[in-house]
Structures are given as structure tokens and as C-alpha cells.
Amino acid sequence: MVKNSIAVENLEPATGGRGVESIEEIRQNASVNFATQLRNVTQDDYLVRALSMPAKYGNIAKAYIEPTKAQSIASGEPYSILDLYILTYNNNRKLNLASTALKQNLITYLSQYRMVNDAINIKDAFIINIGVNFDIVVASGYNNNDVITNCIIALQNHFSIDKWNINQPIVLSDITSVLLQIKGVQNVIKVEIVNKQDPTGVTYSQYGYDIAGATKNGHIYPSVDPAIFEVRYPNTDIQGRVVVY
């Protein structure tokens, strides 16, 4: 009877879960099968290992690796220090910071394949939530609502988080190209990327981002610190309007 009265409560929400792999995730993770040895030699080796960590330890949704900005010397010999930035999905498949437990599991897992002279730091990547606003001209004979709906669906597919990686820039001409391929779109007047921020970190990322300042030659670049762009709520964060000449 004592057993029936025991209750357990998690103080922190679980992270690192996931559903069935998408086609894109299968394509990326399949590269691990081509490894010819168990040891990680290159930065890409560590990246592949992190993304293919067994599910029983948790799952990494996004990862990015680079040499640390400071080099260290140990016992008179230089060794390689790498910073591995990661993110996970929450239960709604939105990007989320990895829990301490998941990070520790990743460190333990990678230690099996780490070269003696390598050191790995596990860090959080930044999440930049964005919205997309666009204005189009609809050709004669087409229903405005139908064309706008098809444009939004196409952009939802373009910004599907499965297709985006840490430190990947937004190419504005690619968005324009996606819209021009929709039947009934005569011209694209405006494409605007806006920052979505929530200081509480509940609905959107708590970090604001200067989109205008990060735009150069038709590209919107992420921050110096590894970050990823995410359209967190595709059904509401992508808005279109028909302009009449």
C-alpha cells in the first residue's frame, strides 16, 4: 500500500525528445555510416556524433561546432578546444535549450570517441524568432485569397525548421523566388523579416535581434555567437497582403 502512495514530480520540463525522423534528418544523419574509424578526427566528426547520439541518452535537434575563440596550453603541448553549440526540440517541436542532464549525457557519449588532445565545450546556441510579411500583386483571373493561402503554405515549407541550421543566413531573393513560383503571383512588391521577441521567454525567444542591422546585400546574417532563425508559429507569423496598382 505504501508503493501506491508514492508520487514523483519533475521540477524541470523534459527536453531532447523527438518524433519520427524527417527525410532531411535521415539524409543528414546517414553520413555517420560512412565513418571509417571510431575516433573523431575532424570537427564534422563531432557534429555527426552529436546528431546521431542514441535516443536513450536524448536527442540533439541542431548542432554547430567551431574552434573556441581562446586557445590553451597543457603540459607544454597545444591541444584543440572546440565549442559545440546545441539545441533541442520541446514537445511541440519548437526549438528549446538543452537541459543540464542532456548536455552531460552528450559529454559522456562524445568522450568515447574524443581524441586525447581534444577538449569539447557544450554550449547553448541562440534562437532568433522571426516573422515574415510580404506584399504581392495577383494576376487577373485569380482569386486573391487562394493565391495568398498558397504563398503562405509555400513559405511555411521554406521555413520548416527541419531545413534550417545554426548560422544559416536568410536569403531574401530565395523568398521572392518561392513566391513568384506560386500560380497567380504577378509580382512581389515587398518581403519583410521582423523579429519576434518575448522578454519572458514564454511565447518567443527572450533575445531581441536587429534585423535591419544584420542585413547586407540581400542576406540577413545571424549573430557572431552561433544562432538559428526560427519561424516559431508558422500559422500566424507568416502574413501576406495583396496590393492593387
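These numbers come from a predicted model, not from an experiment.

Draft legend 1. Highlighting the packing of helix H2 (residues 43-51) against helix H3 (residues 100-111). One can describe the packing of H2 onto H3 by two numbers: an axis separation of 10 Å at closest approach and a directional angle of 125 degrees. In terms of orientation, H2 and H3 fall into the oblique class. Viewed along their axes, H2 and H3 form a crossing whose handedness is right-handed. Contacts between H2 and H3 involve Tyr46, Arg49 and Ala50 from the first element and Leu106, Tyr109 and Leu110 from the second. In terms of residue class, the contact of H2 with H3 is made up of 5 nonpolar, no polar and 1 charged.

Draft legend 2. Fine view of the environment of threonine 215. Along the polypeptide, threonine 215 turns up in strand E10 (residues 215-216). Residue classification places threonine 215 among the partly exposed positions, given a relative accessible area of 33%. Separated by 46 residues in sequence, threonine 215 and proline 169 place their C-alpha atoms 9.5 Å apart. Those residues in contact with threonine 215 that sit more than four places away from it in its chain are Leu172 and Ile220. Among the polar contacts listed, one links the side chain of threonine 215 to the backbone oxygen of isoleucine 211, at a separation of 2.7 Å.

Draft legend 3. Spotlight on the packing of aromatic side chains. Counted by the stated rule, this structure contains 5 aromatic pairs. Judged by centre distance (5.0 Å) and plane angle (80 degrees), the ring pair of phenylalanine 126 and tyrosine 207 falls under edge-to-face. With phenylalanine 126 in strand E7 (residues 126-138) and tyrosine 207 in the loop between strand E9 (185-195) and E10, this pair connects stretches of sequence that are 81 residues apart. A relative accessible area of 40% places tyrosine 207 in the partly exposed class. On the basis of an interplanar angle of 70 degrees and a centroid distance of 6.1 Å, the ring pair of tyrosine 209 and phenylalanine 229 is categorised as edge-to-face.

Draft legend 4. Layout of the sheet that holds strand E8 (residues 170-171). Pairing is antiparallel across the open sheet formed by 3 strands, whose spatial order is E8-E11-E10. Sheet topology places E8 and E10 at the edges, where each strand pairs with a single neighbour. The pairing of E10 with strand E11 (residues 219-220) spans 2 bridges and is classified as antiparallel. The residue bridging lysine 216 from the neighbouring strand is histidine 219, located in E11.

Cut-off values and rules
- Residues numbered from 1 in each chain as written.
- Predicted model: local features only at pLDDT ≥ 70, side-chain atom pairs only at ≥ 80, totals over all residues.
- Heavy atoms only, no water.
- Axes fitted to C-alpha atoms, helices over the stretch in contact; angles between N-to-C directions.
- Helix = DSSP H or I, 4+ residues; strand = E, 2+ residues; numbered from the N terminus.
- Parallel < 35°, antiparallel > 145°, perpendicular 65-115°, else oblique.
- Left-handed = near helix turned anticlockwise from the far one by under 90°.
- Contact = heavy atoms within 4.5 Å.
- Nonpolar A, V, L, I, M, F, W, Y, C, P; charged D, E, K, R; others polar.
- Buried < 20%, exposed > 50% of the residue type's maximum accessible area, 1.4 Å probe, protein only.
- Polar contact = N/O pair within 3.5 Å; in protein donor to acceptor, adjacent residues only side chain to side chain.
- Phe/Tyr/Trp six-rings, centres within 6.5 Å; stacked < 30°, edge-to-face > 60°.
- Pairing = 2+ DSSP bridges.

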